[in-house]
Amino acid sequence: GAGVSQSPSNKVTEKGKDVELRCDPISGHTALYWYRQRLGQGLEFLIYFQGNSAPDKSGLPSDRFSAERTGESVSTLTIQRTQQEDSAVYLCASSLGSSGEQYFGPGTRLTVT
Amino acid sequence: GEDVEQSLFLSVREGDSSVINCTYTDSSSTYLYWYKQEPGAGLQLLTYIFSNMDMKQDQRLTVLLNKKDKHLSLRIADTQTGDSAIYFCAVKGNQGGKLIFGQGTELSVKP
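The numbers attached to residues start from 1 for each chain and follow its sequence in the written order. Each chain gets a letter, beginning with A, and each ligand a number, beginning with 1, in the order they are written. Where local features are concerned, this predicted model is filtered to residues with pLDDT of at least 70; where side-chain atom pairs are given and counted, the filter is 80 or more; whole-chain, interface and lining totals use all residues. With hydrogens and water excluded, all non-hydrogen atoms of the structure serve as input to the side-chain values.

Visitor: What is the right way to read the pattern of salt bridges from this model?
Guide: Oppositely charged side chains can form a pair if their charged atoms are brought close together. Note on definitions: salt bridges are taken to be side-chain nitrogens of Lys or Arg within 4 Å of carboxyl oxygens of Asp or Glu. With the rule as written, the count across this model stands at six salt bridges over all chains. Asp86(A) serves as the salt-bridge partner of Arg64(A), at 2.8 Å between the closest nitrogen and oxygen. Placement of the pair is Arg64(A) in the loop between β5 (43-50) and β6 (65-69) and Asp86(A) in the loop between β7 (75-79) and β8 (88-95), with a sequence separation of 22 residues. Take Arg64(A) and Asp86(A): they sit in the same class, and that class is buried. A salt bridge links Arg60(B) to Asp83(B); its shortest N-O distance comes to 2.9 Å. Of the two residues, Arg60(B) is situated in the loop between β6 (55-58) and β7 (61-66) and Asp83(B) in the loop between β8 (71-76) and β9 (85-92); the sequence distance between them amounts to 23 residues. Note on exposure labels: buried denotes an accessible area under 20% of the residue type's maximum, exposed denotes more than 50%, and partly exposed covers the range between, all computed with a 1.4 Å probe on protein chains only. Of the residues examined, Arg60(B) reaches a relative accessible area of 32% and is grouped as partly exposed. In DSSP terms, a helix is any run of H or I states spanning at least four residues, a strand is any run of E spanning at least two, and both are numbered starting from the N terminus.

Visitor: Before we go on, may I ask you to explain the nonpolar core in this structure?
Guide: The biggest cluster of nonpolar side chains holds 21 residues, and the ones touching the most others in it are Leu32(B), Trp34(B), Leu72(B), Leu74(B) and Tyr87(B). Of all the secondary structure elements, the ones that give two or more residues to this core are β3 (18-24), β4 (31-37), β5 (43-50), β7, β8, β9 and β11 (105-110) of chain B. If you tally residues by element for this core, the top one is β9(B), at four residues. By the convention used here, residues are in contact when the closest approach between their heavy atoms is within 4.5 Å. Leaving out residues up to four positions away in the same chain, Tyr87(B) has contacts with Gln6(B), Ile20(B), Tyr35(B), Lys36(B), Leu46(B), Leu74(B), Ile76(B), Gly104(B), Thr105(B) and Leu107(B). Counting residues in each nonpolar core, the second largest holds 20 residues, with Val19(A), Leu60(A), Ile79(A) and Tyr90(A) among its members. Nonpolar core, defined: a set of buried Ala, Val, Leu, Ile, Met, Phe, Trp, Tyr and Cys residues in which side-chain atoms within 4.5 Å join the residues together.

Visitor: For this particular structure, what's the right way to read unusual backbone geometry?
Guide: Only a minority of non-glycine residues have a phi that is not negative, and only a minority of peptide bonds are not trans. Residues and elements named next belong to chain A. Cis peptide bonds are those with omega within 30 degrees of zero, and the linkage from Ser-7 to Pro-8 qualifies with -10 degrees. Turning to its location among the elements, Pro-8 is positioned in the loop between β1 (5-7) and β2 (10-13). Even without being a glycine, Arg-81 presents a positive backbone phi close to 45 degrees. Looking at the element boundaries, Arg-81 is found in the loop between β7 and β8.

Visitor: Help me out: how do you make sense of the interface of chain A and chain B in this one?
Guide: Often, the extent of an interface is quoted as the loss of accessible area upon association of its parts. With 21 residues of chain A in contact, the opposing surface of chain B contributes 17 residues. Buried surface area refers to the total accessible area, computed with a probe of radius 1.4 Å, that the two partners give up upon joining, counted for both partners together. Taking both sides of the interface into account, the surface hidden between chain A and chain B amounts to around 1400 Å²; carbon and sulfur atoms contribute 57%. The largest share of the area that chain A buries against chain B comes from Leu43(A), Glu101(A) and Phe104(A), three residues that together contribute 31% of it. Viewed at the interface, chain B and chain A are joined by zero salt bridges. In the analysis that follows, any N or O atom pair within 3.5 Å is treated as a polar contact, provided that within protein one partner can donate a hydrogen and the other can accept it, and provided that, for residues neighboring in sequence, both atoms belong to side chains. Viewed at the interface, chain B and chain A are joined by six residue pairs in polar contact (both at pLDDT 80 or more).

The following block contains the structure:
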């Protein structure tokens, strides 16, 4: 079966531009998570969707970051007016419910020049 | 908030055992995980332990949990060069599904 997929795998953008990152979770997984990994560091939680509940946005670093999820399928993470400090690998994970193990996608490497 | 700490580097000889340690602060943590990240690759779930257990063994991997000291360890028996990677400890609290990750331990296996 297919795992979590993310696109694009790499994105280079100019400072000030908006970017959209996409995540396709494992089919049937109701929970979806976004994390950010800066170079040489661990993962920072950004946002979490569980079914039709209101998302947990407590990890979003600023109002330039937002995410949407349609039902139990694709999610899009949007970063507006990108800054150099947004450069990182953005990882998506999904799980079967909030107590299930999280399976990660390969990530999108974002470079802001 | 929750904090998870790991040592940054570990170097072992091929065939030896590796022990990677992790400490955490939230005593209400429910599940504790170990992930492996190889260069240029995503995170691979290795194993996990529920907070009411103190040990779990899975082939070459042994997870030990000391709840009193809030200490988690991952032992890899007969370490191979293919085990060279960064290992992340992650804990899940009782508030939703988000994971809190340590900084990762880079394991280097020398032949």
